[in-house]
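# A look at the structure
Listed below are the residues making up each chain.
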Amino acid sequence: MKKSIFFYWIPFVLVIHILSFGALAQSSAPQTIPVGAIVSLSGFDSNLGHQAQAGYEMAAEDINRAGGVFVKEFGKKIPLEILIQDMESSAPKAVSRMEWLYTSKKVVAYVGTTFISAGSGVAEKNKIPTIVVASASQGVHERGFKYWFSPVGKTPDTARVIFDILDTVPQEKRPKTIAIFQEHTDFGLEQAESFKREAVGRGYKVVAHEKYAMMTKDFSPVILAAKKNGAEVVLSSPVTPDGMTMLRQMKELDYNPKAIVMIRAPDDLSWGKAMGPTGDYVLLMGGWHYRVNYPGVDKLNAIYQSKFNRPSDMQTGPAYASIQILAAAIEKAGTLDTTKIRDAISATDMMTVVGKVKFRPNGTVVDPCPATIQWISGAQKLIWPKEFRETPFVYPIPPWKER
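What you are looking at is a predicted structure, and each value in this text was computed from that prediction instead of being measured.

This paragraph deals with the sheet that holds strand β15 (residues 372-376). With respect to topology, seven strands assemble into an open sheet ordered β9-β8-β10-β11-β12-β15-β16, the strand pairing being mixed. Strand pairing shows two members of the sheet lacking a second neighbour, β9 (205-212) and β16 (379-384), which therefore form its edges. Averaged over all neighbouring strand pairs, the angle between strand axes comes to 25°, with direction disregarded. The pairing of strand β11 (residues 259-262) with strand β12 (residues 282-284) spans two bridges and is classified as parallel.

In structure tokens, the structure reads:
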């Protein structure tokens, strides 16, 4: 039986059709993958914002140098576009910037710091996956949100690590009494309660739990209560201006605790320049340090050093990791559909510059980087974890008159 000539044309037509479909997919691909970055570049929170901005942009530059992120839906690599928005150290402005990025720029993801947490509901409403650093709030992860992730530790993690360090002090020298200085904000309350639970659970006695309003000028009632009750350790989480004022007034009032913990305030290198010897010996935990020995950190440090002539800043690493996570998720999803990207982020199990990242169902990281730093001789020194530390924890710290 003779076959029609059209029979022999069928495979050829199919090949042409497939090639045409592929070309159409590539021609319909966006020029970039828009990612909204909400950070403070002005106001009291700007020190952390600039650190994170550098990390986001450096990670995108590294990925784009190789052509971008491969998106199967379009059959090609597409460059990332980081759209930086200054939230001006304001929670309401963080929310408005997020809405603008969604409606005007059609972002497929948000990344950001600190006050971006005020926009968690926006991310959920618009179904935009969000990866947050420099924000230790656990509470936002307990609201049932599906689009909210963070590769850094939260308030319970911070409290646990701080007491892990205190517990390394020999029993005969270990402190027994704790003062908690609580900022009168949701985050301040959350961190204070985490400190209190950990302290009580490990047998420490909280002898003072004092509250203050953000941007307070007079900390003397708080300080004198701790001094009167013989608190050997001060645990606090102030913003930078408050941390500076608090420490200067502790010196003026001759209050000499054996350890001082300040989450947030001393994160930036400007602390050392502004405070001098007064700022020494304060402990902080910002989620990363340039000396942690994870894959990619050496490369990140080299690039940062060439750009800024100093080692990578504390929030640069977590910000860089956020883009690593997002890029891997987009490639795994094979599409720019935000729900599928969210699902891929949720399934993350990868090594980054902040260590291995795997998320719990609530978006918190299973094993956060425990990097803890102590200011010593005007520099940030990594004192924890033991396998990465460059110097031991200084305890007890010298009294003011001996500095």
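Once you've had a look at it, read on.
What follows covers the sheet that holds strand β1 (residues 33-39). Strand order in the open sheet formed by five strands is β4-β1-β5-β6-β7, with parallel pairing between adjacent strands. Strand pairing shows two members of the sheet lacking a second neighbour, β4 (80-86) and β7 (148-149), which therefore form its edges. The pairing of β1 with strand β5 (residues 109-113) spans four bridges and is classified as parallel. Residue pairing in the sheet places glycine 36 in a bridge with tyrosine 110 of β5. Contacting β1, β4, β5 and β6 (130-133), helix α2 (residues 46-65) crosses the sheet at an angle of about 170° to β4. Contacting β1, β4 and β5, helix α3 (residues 91-105) crosses the sheet at an angle of about 170° to β1.

On to the pairing of β5, then. Strand residues, when the strand is regular, have side chains that alternate between the two faces of the sheet. Burial within β5 is extensive, with five of its five residues counted as buried. Every second residue of β5 is oriented toward a common face, with Ala109, Val111 and Thr113 on one face and Tyr110 and Gly112 on the other, all of them buried. Alignment of β5 against β6, held across four bridges, turns out to be parallel. In the sheet register, glycine 112 faces β6, and the bridge partner there is valine 132. As a crossover connection, the stretch from β5 through helix α4 (residues 120-126) into β6 is right-handed.

Reported here for the largest pocket is a volume of approximately 770 Å³. Taken together, 36 residues line the largest pocket, and the ones lying closest to its centre are Thr114, Ser135, Ala136, Phe187 and Arg264. Those elements that place two or more of their residues in the lining of the largest pocket are α2 and α6 (186-201). Take the lining of the largest pocket: its biggest share by element is three residues, from α6. Its residues placed into classes, the lining of the largest pocket shows 15 nonpolar, 14 polar and seven charged.

Our focus in this paragraph is the pattern of salt bridges. One pass over the structure, following the stated rule, counts 16 salt bridges. As a salt-bridge pair, glutamate 88 and arginine 97 come within 2.6 Å of each other at their nearest N and O atoms. Classification of arginine 97 as buried rests on a relative accessible area of 18%. For aspartate 164, the salt bridge goes to arginine 160, with nearest N and O atoms at 3.9 Å. Here the residue aspartate 164 and the residue arginine 160 both occupy positions in helix α5 (residues 155-166), the gap between them amounting to four residues, near one helical turn. Take aspartate 164: its relative accessible area is 24%, and that puts it in the partly exposed class. Within this structure, Asp157, Arg160, Asp164, Asp167, Glu198 and Arg202 form a network of salt bridges that share partners.

Relative to the assigned elements, aspartate 349 resides in strand β13 (residues 349-352). When its relative accessible area of 45% is taken as the criterion, aspartate 349 is described as partly exposed. Separated by 188 residues in sequence, aspartate 349 and valine 161 place their C-alpha atoms 23 Å apart. Each residue touching aspartate 349, except ones within four places of it in the same chain, is listed here: Lys356, Val357 and Lys358.

Now for the environment of leucine 300. Along the polypeptide, leucine 300 turns up in helix α10 (residues 297-308). Classification of leucine 300 as buried rests on a relative accessible area of 1%. The spacing of leucine 300 and threonine 316 is 16 residues in sequence and 9.1 Å in space, taken between C-alpha atoms.

With that settled, consider the environment of isoleucine 63. Summarising the element assignment, isoleucine 63 is placed in helix α2. Assessed through its relative accessible area of 19%, isoleucine 63 is described here as buried. Distance from isoleucine 63 to isoleucine 323, taken between C-alpha atoms, is 9.1 Å for residues 260 residues apart in sequence. What isoleucine 63 contacts, discounting residues up to four positions off in sequence, is Gly68, Val69, Leu80, Ile323 and Ala327.

Here glutamine 380 is to be found in strand β16. The buried category is assigned to glutamine 380, whose relative accessible area is 12%. At 3.3 Å, the side chain of glutamine 380 and the backbone oxygen of proline 266 are in polar contact. A polar side-chain atom of glutamine 380 sits 2.8 Å from the main-chain carbonyl oxygen of aspartate 267. Discounting residues that sit within four places of it in the chain, glutamine 380 has contacts with Pro266, Asp267, Asp268, Leu269, Leu284, His289, Met314, Ile373, Gln374, Trp375 and Glu390.

Below, the discussion takes up the pairing of strand β10 (residues 233-236). Because side chains alternate across β10, one face comprises the buried residues Val233 and Leu235, and the other comprises Val234 and Ser236, equally buried. The pairing of strand β8 (residues 177-183) with β10 spans four bridges and is parallel. Bridging from a neighbouring strand, phenylalanine 181 pairs with serine 236 of β10. Inspection of the sheet shows β10 paired to β11 by four bridges, in the parallel sense.

Parameters at a glance
- Residues numbered from 1 in each chain as written.
- Predicted model: local features only at pLDDT ≥ 70, side-chain atom pairs only at ≥ 80, totals over all residues.
- Heavy atoms only, no water.
- Pairing = 2+ DSSP bridges.
- Helix = DSSP H or I, 4+ residues; strand = E, 2+ residues; numbered from the N terminus.
- Axes fitted to C-alpha atoms, helices over the stretch in contact; angles between N-to-C directions.
- Contact = heavy atoms within 4.5 Å.
- Buried < 20%, exposed > 50% of the residue type's maximum accessible area, 1.4 Å probe, protein only.
- Right-handed = clockwise from strand over helix to strand, strands pointing away.
- 1 Å grid on protein atoms, 1.4 Å probe; cavity = no way out; pocket = protein on both sides within 12 Å on 5 of 7 lines; lining within 4 Å.
- Points joined across faces, edges and corners; volume = space filled by probe spheres on them.
- Nonpolar A, V, L, I, M, F, W, Y, C, P; charged D, E, K, R; others polar.
- Salt bridge = Lys/Arg side-chain N within 4 Å of Asp/Glu carboxyl O.
- Polar contact = N/O pair within 3.5 Å; in protein donor to acceptor, adjacent residues only side chain to side chain.

Remember, this is a structural readout, not a statement about activity or role.
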